[in-house]
Every structure is written in structure tokens, then in C-alpha cells.
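Here's the letter readout for the chains.
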Amino acid sequence: MPPGARPPMGPGGPGTPPRGNPAEQVTQRVAKPAGPSEQKTDMLTPLNGRGRAAAEPELLTHREFEDEGYEDPDSLYDEPYETDEEARRRRRKKIWKRVRRTSYVFLALMIIGPIVAFFVMYQLVDVPDPKALANTLPKTVTVNWGNGQQMTTIAPPDGKRTLVEYKDIPEHVLNAVYAAEDATFRTNSGFDLTGIMRAVWNNLTGGQGGGSTITQQYVKKATENEEKTLTRKATELVKAYKMSNTMSKEDIITAYLNTIYFGRGANGIVAAAKAYYGKDLKDITKQEAATLAGVIQGPSREVKEPDYPEKRWNYVMDKMIENHWATPQDKAAGFPQPIESDSASSKMTPDQSLIWQAALRELQSNGIERETITKGGYTVNLTVDPTAQQMAQDAINTTMQGQPENLRQALVAVDPNTGRIIAYYGYNKARGQLDYAGQAWQNPGSSYKPFDLVALLHQGKGLYEVYDGRSNRKFGGATINNSEGSNKCGDQCTVAEAMKQSVNTVFADIAFNTVGTRAVAKAAIEAGIPNNVGAKQIPLEGQNGNPPNVNIAIGGDVYQARPVDMAGAYATFAANGTKHKAHLVQSVIDPASGKTVWEDGSTNLGMAFNKSDPENNAQIARNVTESLLPIPESSKIPCDGGRECAGKTGTHGCADTAKTNKSDNCAAWMVGYTPQISTAVWVGSDDNSALWSTVKGQRKIVFGSGLPGLIWQKFMNAWLKGKPKMDFPPLVPIGKSKEDYDRQNAASSSAENPQGNSQSQNSNTQGNSQSQPPSSETTTTTKKGGGGPTISLPGGPGGPGGPGNPTGTGRGGDNNPNDFQGG
């Protein structure tokens with residue numbers, strides 16, 4: 001073979017690569033002959049299968065090894081080849097090694113993590129402060145009548161509550177609670193580890209219950225977090241532990257017994273003693289204490305399980321004996337039967353409940369929320385006199401007996417000198433809690449006419465101004481009629497006579513042509529009519545294209561009021577112009593400190609009609625009173641004994657509908673006063689249906705002098721009976737006096753060419769000479785019209801009492817001779 005040439009490749013030849021697995025090759029030491037200039041060197045030379053030296057292998061880095069056992073190519077010559085099974089076994093070993101290490105770490109975290117978390121949470125959580133909590137807990141509110149007698153107590157939604165101090169808790173009561181709930185309370189750290197594990201297990205398995213200590217139970221109630229979660233339980237545990245380290249056991253048990261619910265509407269141990277045994281806590285016996293402690297676990301179970309308190313009593317007594325807090329003889333005395341359960345948190349009649357709700361609304365408007373009252377356990381002193389309240393109810397019940405079922409009624413009586421409401425009756429059985437005295441807005445009809453007169457008096461004009469009192473007169477785009485089209489007052493009708501006869505056209509003329517409807521609105525607000533309905537403000541007329549609305553003169557269309565508003569506004573006249581806000585609450589007291597939280601001194605709003613001129617202010621009120629003095633007598637509802645009573649009837653007609661027509665009435669009023677009292681009475685319906693009364697079997701239309709007038713008369717006479725007669729101050733007329741009018745009228749009659757005046761006078765005389773009393777007035781509104789800036793007063797159609805009647809026929813006060821005059 002030529003020098004430098006490779007040996008031929010072939011089986012068995014010198015250049016043949018080694019056969020078989022390299023791992024099976026054997027290496028041996030061979031001697032390489034030394035050349036002339038070389039020293040002898042030992043070398044490792046691979047041999048082929050025949051023991052001969054094999055050819056030099058290729059670079060192993062370029063070989064592809066299919067077996068994963070070759071981690072290092074150089075090991076081919078040192079280690080035997082790894083099988084597939086061995087490789088899998090080695091991989092499994094590595095995996096399990098990693099799992100073991102992870103498990104060790106996880107186990108360490110399970111042990112160390114909660115400990116770390118516990119101490120971190122310990123630094124972060126706040127412990128409930130019993131005193132601060134006591135200020136947030138609802139407490140029992142006491143409500144008193146205006147004469148100081150208790151009307152009722154109002155318990156919080158979850159029951160009555162009265163707080164107690166540790167020194168006032170008998171030792172045997174404490175022991176009974178420990179026996180029932182946490183026997184180791186005095187010594188434990190605020191939590192029971194066994195109980196916690198039981199709770200965890202129950203949570204994981206879907207069960208209920210656990211081993212909460214008294215401290216944990218208090219934390220749960222104090223934080224108001226009763227979620228059935230491990231997170232809540234963990235937080236509760238930390239707080240309980242911290243509480244045990246930062247508070248005395250005495251403070252904890254006192255807070256606990258002031259917080260927990262015992263059933264029967266009783267929160268706290270003091271209320272529970274009253275609820276179960278009618279006793280003060282200091283008088284509770286050892287056996288009775290066991291009953292109270294026993295029901296803590298299931299405070300409401302007595303309702304379905306009457307024998308539950310006795311079952312728990314046996315358990316608690318056994319635990320007390322076990323802990324040497326009681327003797328077998330104590331248990332042998334027998335179970336002390338609790339008194340009859342009274343689950344009602346408050347005992348109020350329906351009308352009393354309405355008064356309380358109205359009082360709450362009033363307090364809220366003065367910045368005192370219900371939550372503040374209940375958390376403080378305040379005493380609320382009302383203004384309502386229980387005797388007057390009963391008189392109001394009696395007057396309504398006797399008058400309305402046997403009347404149609406669709407009729408609703410309300411009465412509000414106000415002390416003019418203070419604004420205090422002494423009677424407030426708005427309850428109607430058919431509608432339950434709907435308050436017709438303070439929430440039902442209705443058209444007041446002609447009982448609004450005194451406000452027209454106030455506006456006229458502001459201009460220096462008074463009762464003996466003369467207007468055309470004939471029916472069917474137009475004002476802007478509206479046509480105004482008198483009741484039954486009456487022209488009895490003629491075209492020379494004085495304001496005084498128009499008020500007595502309730503002539504619509506005269507007061508429409510005053511409002512539309514003399515003073516402007518805006519001035520009438522201002523006068524009503526001055527007297528005490530609010531200028532908004534809730535949050536719904538009525539816009540000023542003249543703004544946004546709103547035209548003057550002559551219906552304000554006779555209390556129709558969108559002009560509405562409530563009985564409480566009308567009684568308060570007329571009280572301003574009775575008080576000679578001094579305005580008080582009609583109100584139901586005279587004071588709110590914090591019994592814990594004795595501090596007065598609110599009192600009604602702020603309800604005196606001063607002079608109503610002229611704040612800069614007391615004399616003129618009083619004159620305006622007294623002139624209004626003068627115009628109203630004849631009306632109770634002419635309406636056949638006078639006050640007994642010749643007592644001076646002023647008042648105004650009011651009737652509002654119905655719209656033409658499928659159920660009503662313009663000859664029907666949908667609301668009727670009587671509002672009147674003496675110097676001692678102002679009373680408003682309303683009769684209406686929920687749906688603006690026609691008002692009919694039954695008199696001796698006959699069906700008659702209801703007018704203001706009818707059912708409302710009779711209710712008003714009965715109440716006024718009952719309340720005023722035995723009280724001194726008080727007269728109004730002397731009259732100082734504004735504008736023309738009666739003497740001025742008489743002289744002017746006489747001069748006009750004797751003047752040359754008196755035919756026109758004579759005819760007018762004859763017409764008036766003819767109307768007044770009729771045998772029947774003055775008729776009621778009617779206002780028919782065909783459409784709105786006209787222009788000029790005026791203001792629209794409260795209301796708008798609708799309200800809690802019904803949809804209102806903004807477009808129908810309006811009747812003001814009336815003296816209709818055909819109206820109901822029976823008992």
C-alpha cells in the first residue's frame with residue numbers, strides 16, 4: 001500500500017470501523033515502536049473486535065447519541081452504557097427529590113406562615129372599644145306626649161337596649177353566663193384553640209357552629225361581621241387575643257352583656273331581665289340568671305320551641321354545679337317560668353304611629369336623623385296633647401259614622417302662640433299609614449281667599465273696597481263663576497260681604513287686576529304656606545313663559561296645601577301676625593347626659609306681614625280676622641257660648657270625567673280659630689271621586705260647611721269647653737272703614753241720575769233679601785291666559801292623597817243651605 005494511503009474500508013480490513021457498541025470495546029495498553037529520534041511512549045490504543053488496533057475514531061462531538069444515558073461523551077471509555085429502564089428510574093428519583101424538598105418548604109410555611117401572619121395582624125387590627133361601640137348601638141327611644149306623659153317607647157329593630165356597668169351586674173349572673181358560654185373566660189387568652197379547630201372543620205365540611213369564647217363573640221357583634229368564612233374567624237381570633245391583652249376581663253364581659261341579643265326584643269342583660277321576668281337586673285335570682293344565660297345561644301328559638309328556655313336552663317344549671325357556682329339544691333328549686341312574652345317593640349295606635357313618623361320627618365328637616373335618635377336612645381317630647389288628640393278622633397268618628405266609605409278626613413290643631421300642634425289626626429283605616437294630615441296635598445278652595453285679602457291690605461286697601469261680584473266674569477283667558485251662578489252680591493260688592501258669601505269673582509278680580517297673583521302667592525307664604533312640595537319647586541310665574549294663573553285666588557288648579565299648612569297659616573292670623581312654624585316636637589333630650597339636643601324655640605319666625613312695622617303687621621292680621629268672624633255663624637257651625645270664632649270654609653269642585661262632573665265636589669275644608677287654637681279639617685277622597693254625604697237617608701253633596709264644618713265645630717267646642725273666653729284685639733281698619741263706606745254709599749244713592757247705582761243697589765238688596773243663606777261659590781276655569789309676573793304656590797296635581805284636580809271646577813268656602821247640617 002503506498003505510503004500515506006488509507007487502508008481499504010471493508011469487513012475485517014485495517015480500516016474497518018469497530019463493530020458493536022463502543023461501550024463493549026476493550027481498551028488495552030500497547031507499545032508503539034520508537035522511531036530513530038523518538039522515545040518509547042505508552043499509549044492507550046483502542047482495539048477492534050479481533051484484538052487489533054482499530055482505526056482512530058471520528059470526533060465524538062460530531063456524533064449524534066440517541067441514548068440519553070450519555071451525559072458526557074468522554075465517559076464512553078470509562079462507564080458502561082445506561083439502559084432505558086435505568087434512565088427512567090433515575091428521572092423518577094430526581095422528581096421525587098424535588099417533591100420532597102417542595103413539601104418540606106410548604107410544611108415549613110404552613111407552620112411558620114400562620115405564626116408570622118398572626119403577629120402581623122396583631123399589629124394591624126384595632127380592638128373594638130366598648131364605650132365607642134355603646135355610642136353606635138341602637139337604644140330604646142322614649143316618646144312623650146305634650147303633657148309629659150309617656151306615649152310609647154321605640155325599640156331598635158333588633159330589640160330594646162339599656163346599658164349597664166360592671167359593678168351593677170350580680171356575681172351569680174356573671175357565673176351563669178360563664179357556665180353557658182365560656183367557663184374558662186376568666187383565665188383564657190381570648191380564644192379556644194380546640195373550639196377554633198372544630199369551627200374550621202365544620203366550615204370545611206359544611207357544618208355549623210364552633211367554639212367561640214365570650215371575647216370572640218363580642219368581637220363578632222362589635223364588628224358586625226358574622227360571615228361564615230375562615231378569614232373572618234382568623235381576624236376574630238387575633239382581635240380577641242389582642243383584646244384580652246389590652247382590656248380587663250371586667251370591661252370585656254360588661255361590653256358583651258350590653259351587646260348581645262337575648263330574644264323577646266331585648267338587647268343586653270338589663271332589657272332581658274325586664275323581658276323575661278319583669279325585674280331590674282339587681283333583683284334577678286340565680287335560677288333566673290341561668291334562664292337568661294341559656295337563651296343566648298338561640299335567642300329566637302323560643303318562638304318555635306316554647307320549652308327551649310327550660311332545656312337550656314337545665315344545661316346551664318348543670319354547668320354551674322360542675323363549676324361550683326351553684327348547688328344541686330339550687331337546681332332542685334325548679335325552673336323559674338318567664339312571664340308572658342311580648343314581642344312588640346312598640347305599642348302605638350295607628351294614629352300615634354302616624355304622629356311619630358311625622359315627627360321623624362320634622363326632626364330630619366332640622367338636621368336630626370333617625371339614626372342619631374336611636375343610637376343616642378333619646379327622649380323625644382312631642383307637642384300633641386293626648387286629650388286633644390282623643391277629642392279630634394272622637395269628632396271625626398262620630399261625624400263620619402255611617403258616611404260613604406270613599407270619604408277620607410284629617411284634622412290638625414295648632415296653638416297660635418307657640419306653633420305647637422296639639423292634635424294631629426290623619427289616619428284612615430282604608431289606607432293605613434298614608435298621612436292625610438301632613439302628606440296629602442289638596443286644593444284648599446276658598447279657604448285660600450284670606451291670602452287675597454292680605455295682599456290687598458298690603459296696598460292699604462281693605463274690607464270696604466267695592467268690586468263687581470257677579471258671576472261669569474273673564475280674567476285673562478279664564479272664566480270665573482260663582483257657585484250656582486249666584487249674583488246675590490251684585491256689582492257693588494264689598495270685600496267684607498264677598499268673604500262672608502265667598503264670592504269667587506271678587507277675589508279673582510283682586511288677584512288678577514288689583515294686586516297681581518304674585519302678591520297673593522307672597523301673602524300665602526308670609527302666613528305659613530310652604531312654597532314647595534317636597535323637593536319639587538313650583539316655578540315663578542312670568543318665568544319660562546308661565547302666565548298669571550287666577551286660580552290662586554280661589555285655591556284651585558296647581559295651588560294645593562295640606563291640613564297642617566292651613567292650620568299653621570290661620571294660626572298666624574289668630575296670633576295677630578306673629579308667625580310660628582307648626583311643629584310636632586318641642587324638644588329632644590339625651591338621657592345619658594341630660595343635654596337638650598334640640599328644642600322648638602327656633603320655630604318662632606317673628607312678624608309675618610311687616611317685619612319693620614309691628615303695628616301694621618298686627619293690623620293686617622286683625623283685618624283678616626274681622627272678615628272671617630261672621631262665617632261660622634252664617635255657616636251654622638258657630639262656637640258654643642257666643643265665643644268669638646273666625647273661620648273660612650272651602651270647597652273644590654270636580655272635573656268632567658266618567659265618574660264626576662262640574663256640579664260635584666272633590667274636596668271640602670273648614671279652617672278656623674280663636675286666640676287659643678287654630679284648627680283645619682279636610683274631607684276628600686283618594687281618587688278625586690265625588691263627595692256625597694248621607695243625611696237622614698238622603699244623599700247630599702258635601703260642602704265645606706257640611707262634614708268638615710261639623711267635625712271642626714265638635715272639636716273646637718270640646719277643646720274650648722271650660723277654658724276662658726278670649727276676644728281678639730280691637731279692630732283698626734286698613735283702608736276705608738265701614739262708616740266711610742256707609743257715607744259714600746249714602747251719598748251715591750242721593751246723587752243726580754242715581755239710576756245705575758240704584759239698580760245695582762236694588763240688585764244687591766234683592767240678593768240679600770232672599771230667605772236662604774248665601775250660596776257657595778263656584779269657579780270654572782276654561783283656560784289660562786293673560787300675562788305679567790306672578791308666582792305659583794305649592795302643589796301641582798297629585799300627592800299622596802290622590803291625583804289632584806288641577807283642571808276641574810273649583811269651589812271655595814261655602815254656606816250652601818242644602819248642605820249636610822245633621823249630626
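Rules used in this analysis
- Residues numbered from 1 in each chain as written.
- Predicted model: local features only at pLDDT ≥ 70, side-chain atom pairs only at ≥ 80, totals over all residues.
- Heavy atoms only, no water.
- Helix = DSSP H or I, 4+ residues; strand = E, 2+ residues; numbered from the N terminus.
- Buried < 20%, exposed > 50% of the residue type's maximum accessible area, 1.4 Å probe, protein only.
- Contact = heavy atoms within 4.5 Å.
- Areas by Shrake-Rupley, 256 points an atom, 1.4 Å probe, with all protein chains shown as cover.
- Pairing = 2+ DSSP bridges.
- Phe/Tyr/Trp six-rings, centres within 6.5 Å; stacked < 30°, edge-to-face > 60°.
- Lys NZ or Arg CZ within 6 Å of the ring centre and 35° of its normal.
- Salt bridge = Lys/Arg side-chain N within 4 Å of Asp/Glu carboxyl O.
- Core = buried A, V, L, I, M, F, W, Y, C linked by side-chain atoms within 4.5 Å.
- Axes fitted to C-alpha atoms, helices over the stretch in contact; angles between N-to-C directions.
- Polar contact = N/O pair within 3.5 Å; in protein donor to acceptor, adjacent residues only side chain to side chain.

Draft legend 1. Highlighting the overall build of the protein. A tally of helices and strands in the protein yields 24 helices and 25 strands. Counting the 823 residues in the protein, one finds 50% classified as buried. Within the protein, residue pairs in contact and separated by at least 24 positions form 73% of the contacts whose partners lie at least 6 positions apart. When the accessible surface of the protein is split by element, carbon and sulfur atoms take 51% of a total near 39400 Å².

Draft legend 2. Structural context of the pairing of strand β19 (residues 595-599). As defined by bridge partners, strand β18 (residues 585-590) adjoins β19 across four bridges and the pair is classed as antiparallel. Residue pairing in the sheet places Asp590 in a bridge with Lys595 of β19.

Draft legend 3. Spotlight on the packing of aromatic side chains. All told, the structure shown has twelve aromatic pairs when counted by the stated rule. Seen in terms of ring centroids, Phe451 and Phe573 are 6.3 Å apart; in terms of plane orientation they differ by 35 degrees. Their pairing is tilted. Taken together, the positions of Phe451 in helix α15 (residues 449-458) and Phe573 in helix α19 (residues 563-574) put the pair 122 residues apart, joining distant regions of the chain. There is no split in this pair, since Phe451 and Phe573 are both buried. Taken together, the ring pairs connect Tyr448, Phe451, Tyr570, Phe573, Phe609, Tyr673 and Phe728 into an aromatic cluster. Positioned above the aromatic ring of Trp692, the side-chain terminus of Arg699 is 3.9 Å from the ring centre. We note Lys723 situated over the ring of Trp719; from NZ or CZ to the ring centre the distance is 4.1 Å.

Draft legend 4. Here's a closer look at the pattern of salt bridges. Applying the stated criterion across every chain, the model contains 25 salt bridges. Here Asp742 and Lys738 are joined by a salt bridge, their closest N and O atoms 3.1 Å apart. With Asp742 and Lys738 both in helix α23 (residues 738-750) and four residues apart, this pair spans about one turn of that helix. Using a relative accessible area of 35% as the deciding quantity, one classes Asp742 as partly exposed. With a relative accessible area of 41%, Lys738 lands in the partly exposed category.

Draft legend 5. Molecular detail of the nonpolar core. Membership of the largest hydrophobic core comes to 89 residues, with the highest contact counts inside it found for Phe451 and Phe573. Examining the composition of this core, we find that eight residues originate from one element, α19, more than from any other. Apart from residues lying up to four places away in sequence, Phe451 is in contact with Val520, Ala523, Ala524, Ala527, Ile529, Ala569 and Phe573. Core analysis: the second largest hydrophobic core is formed by 42 residues, Phe185, Phe262, Leu281 and Ile296 among them.

Draft legend 6. Quick peek at the sheet that holds strand β10 (residues 421-425). A sheet is described by the order of its strands in space; here five strands give the open sequence β10-β9-β23-β22-β21, paired in antiparallel fashion. Both outer strands of the open sheet, β10 and β21 (646-653), are each paired with one neighbouring strand and no more. The sheet shows a mean angle of 10 degrees between the axes of neighbouring strands, direction not considered. Looking at chain direction, strand β9 (residues 408-414) and strand β23 (residues 678-684) are connected through seven bridges and run antiparallel. Looking at the pairing, Val412 lines up with Ala680 of β23. Most of the contacts of helix α22 (residues 707-720) go to strand β22 (residues 665-673), to which it runs at about 25 degrees, and overall it touches β9, β10, β21, β22 and β23.

Draft legend 7. Expanded view of the pairing of β22. Counting buried residues along β22, nine of its nine residues qualify, which places the element largely inside the surrounding structure. Looking at chain direction, β21 and β22 are connected through eight bridges and run antiparallel. If you follow Gly650 over to β22, its bridge partner there is Trp669. Pairing of β22 with β23 involves six bridges; the strand directions are antiparallel.

Draft legend 8. Geometry of unusual backbone geometry. The phi dihedral of Lys636 falls on the positive side, at around 65 degrees, and the residue is not glycine. Topologically, Lys636 is positioned in the loop between α21 (631-634) and β21. Here the phi dihedral of Asn688 falls at roughly 60 degrees; this positive angle occurs in a residue that is not glycine. Structurally, the position occupied by Asn688 is in the loop between β23 and β24 (692-695).

Draft legend 9. Fine view of helix α7 (residues 249-259). Most of α7 sits inside the fold, with nine of its eleven residues counted as buried. Along α7, the residues classified as buried are Lys249, Ile252, Ile253, Thr254, Ala255, Tyr256, Leu257, Asn258 and Thr259.

Draft legend 10. Structural context of the side chain of Gln403. Its place among the elements puts Gln403 in the loop between α14 (386-400) and β9. Here Gln403 falls in the buried class, since its relative accessible area comes to 11%. Here the side chain of Gln403 touches Thr694 through a polar contact of 2.8 Å, landing on its backbone nitrogen.

Draft legend 11. View of the sheet that holds strand β6 (residues 261-263). Spatially, the three strands line up as an open sheet ordered β5-β7-β6, and their pairing is mixed. The open sheet has two edge strands with one neighbour each: β5 (160-161) and β6.

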